[in-house]
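Residues per chain, in single letters:
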Amino acid sequence: MVAALWAGTVLREEVLRILCLCGAAVGLRMALVNTWPGIHRRLHGGPAQRIVAGRSVVRVLARGEITGPGGARTARRLVELLGPGTERICMDFHRVTGLSEEGARELGGAIRTARDQGVLTVISGTSPSVRNALRRAELEDLVTYGRHRHT
């Protein structure tokens, strides 16, 4: 734009509007990424987990591929939400496309912590590959598989 102005070219009003809109969109994206925790992963299409805690149930709605870092974040949040009244963790894996060995190990730490506190972990919507990853991480005996969402 500066080069065009120096060359004596006059930019049309429509072009200036488009440039301003593009600049505003970039600014908005930067503001969201820097001020809203977790939005960066969603903007880049990475896995996202939503964890909601009720009185006695902690619900995890997972999607995408769960790798080591994603599993670690989810595990930390799960452990933080375990309280004295927590009876059950319900994990909805209907939208999970894959579970890496590292992701399964990370989740396993939270599942073991929950089991030590007497909390039942129910996982629904697992694909065969996700079940294999859970079995390889030696978690199959620590979880119960549910058929329906939000079991």
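Quantities reported herein were computed from a predicted structural model and do not represent experimental measurements.

Chemist: What is the right way to look at the pairing of strand β2 (residues 57–66) in this model?
Modeler: For a regular strand, side chains alternate in direction, first toward one face of the sheet and then toward the other. When β2 meets strand β3 (residues 88–99), the two strands line up parallel, connected through 9 bridges. Paired with Val58 across the bridge in β3 is Ile89. Note that the unit made of β2, helix α4 (residues 68–81) and β3 has a crossover that is right-handed.

Chemist: Explanation requested: a nonpolar patch on the surface in the structure shown.
Modeler: A contiguous nonpolar surface patch, about 210 Å² in accessible area, is contributed by Val15, Leu16 and Leu19. In this structure, Val15 sits in helix α2 (residues 13–35). Judged by its relative accessible area of 35%, Val15 falls in the partly exposed class.

Chemist: What am I meant to see in helix α6 (residues 128–136) here?
Modeler: Every α-helix carries 3.6 residues per turn, so stepping three or four residues along brings you back to the same face. Listing the buried residues of α6 in full gives Val130, Ala133 and Leu134. One side of α6 holds all its buried residues, which, seen down the axis, span an arc of 100°. Relative to its buried face, α6 has exposed residues pointing more than 90 degrees away, namely Pro128 and Arg136. Residues of α6 that are buried make contact with β3, α5 (101–116), β4 (120–124) and β5 (144–146). Phi for Glu138, located one or two positions after α6, is positive at around 60°.

Chemist: Teacher, can you tell me more about the pattern of salt bridges here?
Modeler: If you walk through the whole model with that rule in mind, you get 4 salt bridges. A salt bridge links Arg17 to Glu13; the shortest N-O distance between them is 2.6 Å. Placement of both Arg17 and Glu13 in helix α2 is noted, with a separation of 4 residues, approximately one turn of the helix. Two residues, Arg136 and Glu101, come together in a salt bridge whose shortest N-O distance is 3.9 Å. Of this pair, Arg136 sits in helix α6 while Glu101 sits in helix α5, placing them 35 residues apart in sequence. Exposure remark for Arg136: the relative accessible area of 52% places this residue in the exposed category.

Definitions and limits used
- Residues numbered from 1 in each chain as written.
- Predicted model: local features only at pLDDT ≥ 70, side-chain atom pairs only at ≥ 80, totals over all residues.
- Heavy atoms only, no water.
- Pairing = 2+ DSSP bridges.
- Helix = DSSP H or I, 4+ residues; strand = E, 2+ residues; numbered from the N terminus.
- Right-handed = clockwise from strand over helix to strand, strands pointing away.
- Patch = residues over 30% accessible without salt bridge, like charges linked within 9 Å, V, L, I, M, F, W, Y side chains within 5 Å.
- Areas by Shrake-Rupley, 256 points an atom, 1.4 Å probe, with all protein chains shown as cover.
- Salt bridge = Lys/Arg side-chain N within 4 Å of Asp/Glu carboxyl O.
- Buried < 20%, exposed > 50% of the residue type's maximum accessible area, 1.4 Å probe, protein only.
- Arc of directions from axis to C-beta.
- Contact = heavy atoms within 4.5 Å.

Nothing here speaks to function; it is all geometry.
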